[in-house]
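Below are the chains, spelled out letter by letter.
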Amino acid sequence: MLRSLAVSVALVGLSVCSADAHAEKIAIVDTQKVISESIIGKAAKNNLEGQIKKGQAKLAAMKGDFDKQKADLDKQAAILSGSALDARREALGKKQADFQQTYQEIQEKLAKANESEISKVVEQINGVVENLADERGYSFVFEKDRQSVLFASEKIDITEEVVKILDKKKVAL
């Protein structure tokens, strides 16, 4: 809502400015498309997928160990003494709690990694957009998304150019 209001205010300002002797130049960029199609965006995605696979492998190993111990306990429950059974159940409960804690830690680590990777890509995108705006004299460059921009002519869309420039720069993450 706030973003939409800001775009509306900017467009009203633009129309007021356009009434002057010169028209303001505007452009639009689809940041999500740049992230998904550029080499740097794909590299960020691959980095995250690698971290996700490592986390999944760690959790799978923990779950396998838990399942094995639970199956062993189920088999031996009838022959174990009450205190031994309680001790094994307590150990399984601790393993389950460790699994849940590790799951939470991995989720938090992945969220931070995602934020970091995407921030690096967005920083590069913003630099390219600022350079294009300076070179071409754009007064405004809006981010294309359905919440704030309902329609924009393809003539003012510089998304593909941003992707090409980023790919030529061969930025490393």
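Residues numbered from 1 in each chain as written. Predicted model: local features only at pLDDT ≥ 70, side-chain atom pairs only at ≥ 80, totals over all residues. Heavy atoms only, no water.

Trainee: Break down the overall build of the protein chain for me, with residues and values.
Mentor: Scanning the protein chain for helices and strands turns up five helices and two strands. Going residue by residue from the N terminus, the α and β elements of the protein chain occur as α-β-α-α-α-β-α. Taking all 173 residues of the protein chain together, the buried fraction comes to 26%. Summarising the internal contacts of the protein chain: among those between residues at least 6 apart in sequence, 81% fall at separations of at least 24. Surface exposure of the protein chain reaches about 11,800 Å², of which carbon and sulfur atoms provide 55%. (Helix = DSSP H or I, 4+ residues; strand = E, 2+ residues; numbered from the N terminus. Buried < 20%, exposed > 50% of the residue type's maximum accessible area, 1.4 Å probe, protein only. Contact = heavy atoms within 4.5 Å. Areas by Shrake-Rupley, 256 points an atom, 1.4 Å probe, with all protein chains shown as cover.)

Trainee: Would you mind going over the nonpolar core in detail, with residue names and values included?
Mentor: With 17 residues, the main nonpolar core has Val29, Val34, Val121, Ile125, Ile158, Val162 and Leu166 as its most contacted residues. Of all the secondary-structure elements, those providing two or more residues to this core are strand S1 (25-29), helix H2 (31-37), helix H3 (39-76), helix H4 (82-136) and helix H5 (159-169). Looking at which element gives the most residues to this core, the answer is H4, with six residues. Those residues in contact with Val34, other than ones at most four positions away along the chain, are Val29, Ile125, Thr159, Val162, Val163 and Leu166. (Core = buried A, V, L, I, M, F, W, Y, C linked by side-chain atoms within 4.5 Å.)

Trainee: Outline the pattern of salt bridges, supporting the account with residue identities and numerical values.
Mentor: In total, this model carries nine salt bridges according to the counting rule given. Across the pair Glu160 and Lys33 runs a salt bridge, and its minimum N-O distance is 3.1 Å. Of this pair, Glu160 sits in helix H5 while Lys33 sits in helix H2, and the two are 127 residues apart along the sequence. One continuous salt-bridge network, built from bridges that share partners, spans Lys144, Glu154 and Asp157. (Salt bridge = Lys/Arg side-chain N within 4 Å of Asp/Glu carboxyl O.)

Trainee: I'd like a rundown of the side chain of Asp145, residues and numbers included.
Mentor: By the secondary structure assignment, Asp145 is in the loop between strand S2 (138-143) and H5. Taking the relative accessible area as the measure of exposure, Asp145 reaches 18% and is therefore buried. Within the local environment of Asp145, its side chain forms a polar contact with the backbone nitrogen of Gln147, the two atoms lying 3.2 Å apart. (Polar contact = N/O pair within 3.5 Å; in protein donor to acceptor, adjacent residues only side chain to side chain.)

Trainee: Can you explain the packing of H3 against H4? Please cite residues and give values.
Mentor: Close contact between H3 and H4 brings their axes to 10 Å; oriented N to C, the two are set at 175°. Classified by the angle between their axes, H3 and H4 sit roughly antiparallel to one another. (Axes fitted to C-alpha atoms, helices over the stretch in contact; angles between N-to-C directions. Parallel < 35°, antiparallel > 145°, perpendicular 65-115°, else oblique.)

Trainee: Hey, could you go over the packing of H4 against H5 for me, with residue numbers and the actual values?
Mentor: Pairs of packed helices are described in terms of their axes, by the angle between the two and the distance that separates them. Running from amino to carboxyl end, H4 crosses H5 at an angle of 115°, the nearest separation of the two axes being 10 Å. Like other packed secondary-structure pairs, H4 and H5 cross with a definite hand, here right-handed. Here H4 contributes Gln124, Ile125, Val128, Val129, Leu132 and Arg136 to the contact with H5, which in turn contributes Glu161, Val162, Ile165, Leu166 and Lys169. The residue inventory of the contact of H4 with H5, partitioned by class, reads seven nonpolar, one polar and three charged. (Left-handed = near helix turned anticlockwise from the far one by under 90°. Nonpolar A, V, L, I, M, F, W, Y, C, P; charged D, E, K, R; others polar.)

Trainee: Lay out the confidence of the model for the protein chain with the relevant residues and their values.
Mentor: For the protein chain, per-residue confidence averages 86 on the pLDDT scale, and 86% of positions sit at 70 or higher. Counting interchain partners and residues more than four positions distant, the pLDDT-below-50 stretch residues 1-19 has 16 contacts. (pLDDT = per-residue confidence, 0-100.)

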